[in-house]
Amino acid sequence: MFSTTDTIVAIATPPGRGGIGIVRLSGHDALAIGRALIARDRPVTPRYATFTEIRTKAGATIDHGIVTYFPAPASYTGEDVVEISAHGSPVVLRGIVAAVMERGARLAEPGEFTLRAYLNGRMDLMQAEAVGDLIDAVTPLQARAAFDQLHGTLTRTIAEMDAALFDLVARLEASVDFPDEGYHFGGSSELAAAVDAIICRADALLSDGQRGRIVREGLHVAVVGAPNVGKSSLFNALAGASRAIVTDIPGTTRDLVTETIDLEGLRVTLVDTAGLRTAGDVVESEGIARARQAASVADLVLRVLDRSEPQREGDGESLGEASTRKTIVIANKADLPAAWFQPDAVEVSALTGLGLDVLRQRILERLGIESLVDRPEITNVRHIALVARARDALLRARGALLEDGGLPEEFVLADLQEARGALEDVTGRRTPEDVLAHIFERFCIGK
Ligand code: GDP
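Remember, it's a predicted structure, so these values are computed and weren't measured experimentally.

1. Side note on the overall build of the protein chain
Moving on, step 1. Tallying secondary structure elements over the protein chain gives 14 helices and 12 strands in all.
Moving on, step 2. Relative to its 447 residues, the protein chain shows a buried fraction of 46%.
Moving on, step 3. When contacts within the protein chain are restricted to residue pairs at least 6 apart in sequence, long-range pairs at least 24 apart make up 66% of them.
Moving on, step 4. In the structure as shown, the protein chain presents an accessible area of about 21,400 Å², 53% of it carried by carbon and sulfur atoms.

2. Brief notes about the pairing of strand β9 (residues 266–272)
Moving on, step 1. The buried fraction of β9 amounts to six of the seven residues, a majority that puts the element mostly inside the structure.
Moving on, step 2. In the sheet, strand β7 (residues 219–224) pairs with β9 via five bridges, with the strands oriented parallel. Bridging from a neighbouring strand, H220 pairs with T269 of β9.
Moving on, step 3. Pairing of strand β8 (residues 257–263) with β9, which is carried by seven bridges, proceeds in the antiparallel orientation. For V257, the partnering residue across the bridge sits in β9 and is D272.
Moving on, step 4. The loop that links β8 with its antiparallel partner β9 comprises two residues; one of these, E264, has a positive phi angle of about 50°.

3. Comments concerning the site of the ligand
Moving on, step 1. The full set close to the ligand counts 15 residues, and N228, K231, S232, S233 and D335 are the nearest of them.
Moving on, step 2. Between the ligand and K231 there is a distance of 2.8 Å, counted from an oxygen atom to a side-chain nitrogen or oxygen.
Moving on, step 3. Taking S232, its side chain carries an N or O atom lying 2.8 Å from an oxygen atom of the ligand.
Moving on, step 4. Look at the ligand: alone it shows 580 Å² of surface, and the protein chains cover 72% of it.

4. Thoughts on the packing of aromatic side chains
Moving on, step 1. For the structure on display, the rule yields one aromatic pair.
Moving on, step 2. The ring of F113 has R24 lying over it, and the distance from NZ or CZ to the ring centre is 4.8 Å.
Moving on, step 3. Above the plane of the ring of Y76 lies K447, whose end atom (NZ or CZ) is 4.5 Å from the centre.

5. Let's talk about the environment of V304
Moving on, step 1. Considering the arrangement of structural elements, one finds V304 in strand β10 (residues 300–306).
Moving on, step 2. Residues V304 and N228, spaced 76 residues apart in sequence, show a C-alpha to C-alpha distance of 9.8 Å.
Moving on, step 3. When neighbours within four sequence positions are excluded, V304 is seen to be in contact with V223, V224, G225, A226, V229, K231, L234, I330 and N332.

Scoring rules and cut-offs
Residues numbered from 1 in each chain as written. Predicted model: local features only at pLDDT ≥ 70, side-chain atom pairs only at ≥ 80, totals over all residues. Heavy atoms only, no water. Helix = DSSP H or I, 4+ residues; strand = E, 2+ residues; numbered from the N terminus. Buried < 20%, exposed > 50% of the residue type's maximum accessible area, 1.4 Å probe, protein only. Contact = heavy atoms within 4.5 Å. Areas by Shrake-Rupley, 256 points an atom, 1.4 Å probe, with all protein chains shown as cover. Pairing = 2+ DSSP bridges. Near = heavy atom within 4 Å. Polar contact = N/O pair within 3.5 Å; in protein donor to acceptor, adjacent residues only side chain to side chain. Phe/Tyr/Trp six-rings, centres within 6.5 Å; stacked < 30°, edge-to-face > 60°. Lys NZ or Arg CZ within 6 Å of the ring centre and 35° of its normal.

Structure, rendered in structure tokens:
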């Protein structure tokens, strides 16, 4: 991993032009470099905005800007931090970064400011991950769930579980170490009840995990069906006013139109596939192959049929095994007279909007989501997997305790320690470097 003793610099605002852009420095020399940038030799008062000229080493003025100094340890990274706000031009901001680098700082890696905040104890690993989630959020629900995590809701729950475990471990260890002192922690059934209470907390967290994962990661929904049944129309109707949250997704082809929408708070990427029919030429068969591929990797498939036309042969199985659990059959053009009826199909009209609310509800049901009103407490698969591992170890501990005659306390202790280890991996108290590198590499530079 990267060095943490040098001073780092990056543009903290997004690429492109804006009214204001911010360059951020963190590290031992941040204040000295910040001072050197400033034209007049005046004191930089902590947490005060100083309006000043910003200069290169050779003395050329780059811009006027505001310099703010946040002394360690009460800064974002826990180190000395200097922020320079200037005009939001890439040329100006790159000029400032270069002027900082010629005075000895190095360019920050993606996520390095937040990594330092974590390493300096300003936040735990869950909170650092929440910073990334908050920046990446595209729906308000995603943002609120990330904000809660950043402000420590999950940190507190995990800390309470760990404290209860620590208490158990301490008592058990005392009775192992000092068997003759007359100290014993109740009977094994009392101990099992205490373990049970922690298992309950883990269960409550995990039952929220499926919904939480979907909130955080969003999902892919493929819209499939024969030409002219109304796929594009339905796609547009579902995307509605919130369409085009994300455009130009790399890999989008001529045949697959992708759009990310906010569906009741969920980040949903809709993939509109080429009409499925027997391939007429090579280009078309390529489109169909991609459509099949999109449908097979999608979390959900919306199979659109035209209710106003008699069903054609093959409509029902255009995807081979089309009516799997993850498929919702849609009878579109419900505003026109019906040519057929299928009880499990959701009747909608992409043209008038009829039935779209029912369809949205059906999509949530299929995903196993009853309501999105409550914010999920746990959303990250890494955390979910670790809590599940802790729960498994606790179940083993309880099993050992309830075994006839009870297994030796050392067995129970080993399981309880394993559960604690998993919880500590969540907060990052003992997370290995490669896991850290993986977590922080997805951040943007300047965060
Ligand atoms: P696609 O080829 O499956 O993407 O179908 P389109 O979305 O391009 O729609 C094909 C035709 O059906 C267009 O003329 C649409 O205006 C029409 N259409 C789509 N949905 C409806 C609907 O719900 N009701 C009616 N009456 N026409 C629709």
